[in-house]
Amino acid sequence: AQSVAQPEDQVNVAEGNPLTVKCTYSVSGNPYLFWYVQYPNRGLQFLLKYITGDNLVKGSYGFEAEFNKSQTSFHLKKPSALVSDSALYFCAVRAVPPGGYQKVTFGTGTKLQVIP
Amino acid sequence: NAGVMQNPRHLVRRRGQEARLRCSPMKGHSHVYWYRQLPEEGLKFMVYLQKENIIDESGMPKERFSAEFPKEGPSILRIQQVVRGDSAAYFCASLSDREGYGYTFGSGTRLTVV
């Protein structure tokens, strides 16, 4: 079974400071890893993914994430937080290869609050 | 490409009524997934369908809930005899057959049972 843990329900950061939203995962074999963002009363928007290759992946809105296989982590980062980054962030994983069955498992989400 | 379309955006039902939630996947996507999001909770997988077939319904309650994805038309998530505990946001996502891509989500249907 695959699973995702987001240990922090909420992260508070001052505008302009770097931010990190933590994610660890458990999956059999190699993972595909994703980050999504959800604004209030909206659906989920794709931010970035790790499939293979460089451990540091860059995504939308200046976000990046680092894949660490030994620590089974995929933390989301941004060098300088904006108030507009305040939202709910979900980490997700699915196993590779999919074998035709491609269920993605989501974490419980981390609410990011950027303080002006 | 219009993305994943869900309707209605908001749905209010009285206890005991039926709720029908619709999802049209992105053009060319043949995989559809339904997730439920309860307040202060994450996304819970409900069901995975691939054109006319239910691949995995392990997350869907055995009673009152059903899903379909016909050859023509949108995917339908149907909840019969709704109860207050069914109030939630229901999200549909579709996936391309191309390897290595994540879901594209719809904007969700917010079901309120009164």
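The model shown is predicted, which means the values in this text are computed figures rather than measured ones. Per chain, the residues get numbers from 1 upward, laid out in the order the sequence is written. A letter from A marks each chain and a number from 1 marks each ligand, given out in the order of writing. Only residues with pLDDT of 70 or above have their local features reported here, since the model is predicted, and side-chain atom pairs are shown and tallied only from 80 upward, although totals for entire chains, interfaces and linings are computed over all residues. Side-chain metrics in this entry use all non-hydrogen atoms of the structure; hydrogen atoms and water are not considered.

Participant: Can you walk me through the overall build of chain A in this structure?
Facilitator: Elements are defined by DSSP. Helices are runs of H or I of four residues or more, strands are runs of E of two residues or more, and each kind is numbered from the N terminus. A tally of regular secondary structure across chain A gives zero helices and 12 strands. When the helices and strands of chain A are placed in sequence order, the string is β-β-β-β-β-β-β-β-β-β-β-β. As a reference, a globule follows 2.2 Å times the number of residues to the power 0.38, and the radius of gyration itself is taken over C-alpha atoms. The C-alpha atoms of chain A give a radius of gyration of 14 Å, which matches the 13 Å a tight globule of 116 residues would have. On the principal axes, the C-alpha backbone points of chain A span a range of 45 × 30 × 25 Å. Working definition: with a 1.4 Å probe on protein chains only, accessible area under 20% of the residue-type maximum means buried, over 50% means exposed, and in between means partly exposed. Looking at chain A as a whole, 44% of its 116 residues are labelled buried. By definition in these notes, contact holds between two residues if any of their heavy atoms fall within 4.5 Å. Within chain A, contacts between residues at least 6 apart in sequence are counted, and of these 57% link residues at least 24 apart. Carbon and sulfur atoms provide 50% of the accessible area of chain A, an area that totals close to 5,500 Å². For the purpose of counting charges, residues Lys and Arg are taken to be positive, whereas Asp and Glu are taken to be negative. His and the chain ends are not included. To locate a charge, the coordinates of NZ of Lys, CZ of Arg, CG of Asp or CD of Glu are taken. Chain A carries 10 positive and 7 negative side-chain charges, and their two centres are separated by 8 Å. Here the open area of atoms and residues is found with the Shrake-Rupley method and a 1.4 Å probe, where only the protein chains shown may cover a residue.

Participant: It is not clear to me how the state of the cysteines should be interpreted in this structure. Could you clarify?
Facilitator: In protein chemistry, a disulfide is the covalent bond that joins the sulfur atoms of two cysteines. Residue and element names in this part refer to chain A. Here, two cysteine sulfur atoms that lie within 2.5 Å of each other are counted as a disulfide. By the definition in use, this model includes two disulfides over all chains. One disulfide bridge connects Cys-23 with Cys-91, the sulfur atoms lying 2.0 Å from each other. Handedness of the Cys-23-Cys-91 disulfide follows from its S-S torsion of about -60°: it is left-handed. Separated by 68 residues along the polypeptide, Cys-23 in the loop between strand S3 (19–21) and strand S4 (24–26) and Cys-91 in strand S10 (residues 87–95) bring together distant segments of the chain.

Participant: Explain the packing of aromatic side chains here, please?
Facilitator: For any pair of aromatic rings, geometry is given as the distance between the ring centres together with the angle between the planes. Any pair of Phe, Tyr and Trp rings, taking the six-membered ring for Trp, is counted once the centres come within 6.5 Å. Such a pair is stacked with planes under 30 degrees apart, edge-to-face with planes over 60 apart, and tilted for the rest. All told, the structure shown has 17 aromatic pairs over all chains when counted by the stated rule. Judged by centre distance (5.5 Å) and plane angle (45°), the ring pair of Phe63(A) and Tyr89(A) falls under tilted. Of this pair, Phe63(A) sits in the loop between strand S7 (56–58) and strand S8 (64–68) while Tyr89(A) sits in strand S10, and the two are 26 residues apart along the sequence. For the pair formed by Phe63(A) and Tyr89(A), the shared burial category is buried. By the ring-pair criterion, three or more aromatic residues cluster together here, those being Phe34(A), Tyr36(A), Phe46(A), Phe90(A), Phe106(A), Tyr33(B), Tyr35(B), Phe45(B), Tyr48(B), Tyr103(B) and Phe105(B).

Participant: Looking at this structure, how should I read the pairing of strand S9 (residues 73–78) of chain A?
Facilitator: For a regular strand, side-chain orientation follows a simple rule: the groups alternate between the two sheet faces. Residue and element names in this part refer to chain A. At least two bridges found by DSSP between two strands is the condition for calling them paired. The pairing of S3 with S9 spans three bridges and is classified as antiparallel. Within S9, the residue paired with Leu-19 across the bridge is Lys-78. Bridge count between S8 and S9: five bridges; the pairing is antiparallel. Bridge pairing links Phe-67 to Phe-74 in S9. Linking S8 to S9, which pair antiparallel, is a turn of four residues; within it Thr-72 sits at a positive phi near 45°.

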